[in-house]
Amino acid sequence: MAAWINAFFPTFALIGLGILLRERLLKDQGVWAGLDRLTFFVLLPSLLASSISTVNLSQLPLGALAGTIWTTLGLATLSALLLSRLLGHNRAAMTSIVQGGIRFNNYVALAVSAGLYGNEGLAFGGVAAGLIVPCVQVILTSVFVLSDGGRLQPLKLLRQIAINPLIIGCMVGFAFAAFGGMPAGLFPLARSLGQAALALGLLSVGGGLAIGALREAPLTQVLVGIQKLLLVPLVTFGLARLFGLAPEIAAIATLTMAMPTASTSYVMARVMGGDARLMAAMITLQHLAAIVSLPLWALALGR
């Protein structure tokens, strides 16, 4: 029970504190924008690089893990597109539904993995993120471009992937892991920066939640939430068993895919012409629902 409380209470308490700070102490949105940029461009890549660098790649079933995650993301994308069509949404709302159905919150995922499984959980969670982020980037870029009647530009897409800070952090981590880990001095520096990522990232999640947006398209919110918090991890678990993943790796992969959608989805929706208000509503509802769904998933996986 103590391990359970240590895994979930700090995570959601920090999100709640972020809401309180936004309302009472840090009302300037520029402060939150600065925290988001610091975490996204520096702190979280450092955490991913330092965590992944500790993994023994020769003993990690990367093929089976990638097959599990990428197949699930592909099926979830098709499901989100179908759901959007059945509900009669326009292009802008459709792109937000896809984001809500396949993206995941890195900060919550790594915090929960570390809380439940320690440093090994943090490392495996980083590897899972390293497989999810580029795949999601390709899917979302394709959806936004094609839904707007445009043509995919492979070189531009590759450039967007190559300059993504999270992907860079993952690739650096994999490179160091292949050579036996980070050198002395560099590892504690990256780990120190990474430790700040979770606290600041979770505060930013709370600071970005929009309770007032929950009135926007409630049926759509609920159905996308069911897909993201229930069906996606269920499919992940089934495929993990099918691909023969070890129980702990399967559990971390399933928990990672059970995370609420990324809080940065709102920025992407606003910048690229999605339905930003619907996106804000889905982000908020999924994070509130995850207070219940994530502990239940952890309990089921533990058994």
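Moving on, we come to the overall build of the chain. A tally of regular secondary structure across the chain gives 12 helices and zero strands. Along its sequence from the N terminus, the chain presents helices and strands in the succession α-α-α-α-α-α-α-α-α-α-α-α. Radius of gyration (C-alpha) of the chain: 18 Å, near the 19 Å computed for a compact globule of 303 residues. Every one of the 303 residues in the chain was classed for burial, and the buried ones make up 52%. Taking the intrachain contacts of the chain between residues at least 6 apart in sequence as the baseline, contacts between residues at least 24 apart amount to 85%. Surface summary for the chain: the accessible area is close to 13,600 Å², and the carbon and sulfur share equals 68%. Averaged over its 17 positive side-chain charges, the chain has a centre that lies 4 Å from the centre of its 8 negative ones.

This brings us to the environment of leucine 116. Topologically, leucine 116 is positioned in helix H5 (residues 106-147). When its relative accessible area of 27% is taken as the criterion, leucine 116 is described as partly exposed. Through-space distance from the C-alpha of leucine 116 to that of alanine 298 is 8.5 Å; in sequence the pair is 182 residues apart. Here leucine 116 is in contact with Ala7, Phe8, Leu255 and Ala298, once residues within four sequence places are set aside.

Let us look at the nonpolar core. Counting residues in hydrophobic clusters, the biggest one holds 81 residues, and the most contacted among them are Leu65, Ile69, Leu73, Ile102 and Leu294. Element by element, the count of residues in this core is highest for H5, at 21 residues. Here leucine 73 is in contact with Ile102, Ile132, Cys135, Val136, Ile139 and Met257, once residues within four sequence places are set aside.

To continue, consider unusual backbone geometry. Phi is positive for alanine 217, close to 45°, though the residue is something other than glycine. By relative accessible area, which is 28% here, alanine 217 ends up partly exposed.

Within this structure, the stated rule accounts for zero disulfides. For cysteine 135, which is in no disulfide, the shortest distance to another cysteine sulfur is to cysteine 170 and amounts to 13 Å. Here cysteine 170 falls in the buried class, since its relative accessible area comes to 1%.

The rules behind each value
Residues numbered from 1 in each chain as written. Predicted model: local features only at pLDDT ≥ 70, side-chain atom pairs only at ≥ 80, totals over all residues. Heavy atoms only, no water. Helix = DSSP H or I, 4+ residues; strand = E, 2+ residues; numbered from the N terminus. Rg over C-alpha atoms; globule rule 2.2 N^0.38 Å. Buried < 20%, exposed > 50% of the residue type's maximum accessible area, 1.4 Å probe, protein only. Contact = heavy atoms within 4.5 Å. Areas by Shrake-Rupley, 256 points an atom, 1.4 Å probe, with all protein chains shown as cover. Lys, Arg positive; Asp, Glu negative; His and termini not counted. Charge placed at Lys NZ, Arg CZ, Asp CG, Glu CD. Core = buried A, V, L, I, M, F, W, Y, C linked by side-chain atoms within 4.5 Å. Disulfide = S-S within 2.5 Å.

These figures capture arrangement, not role.
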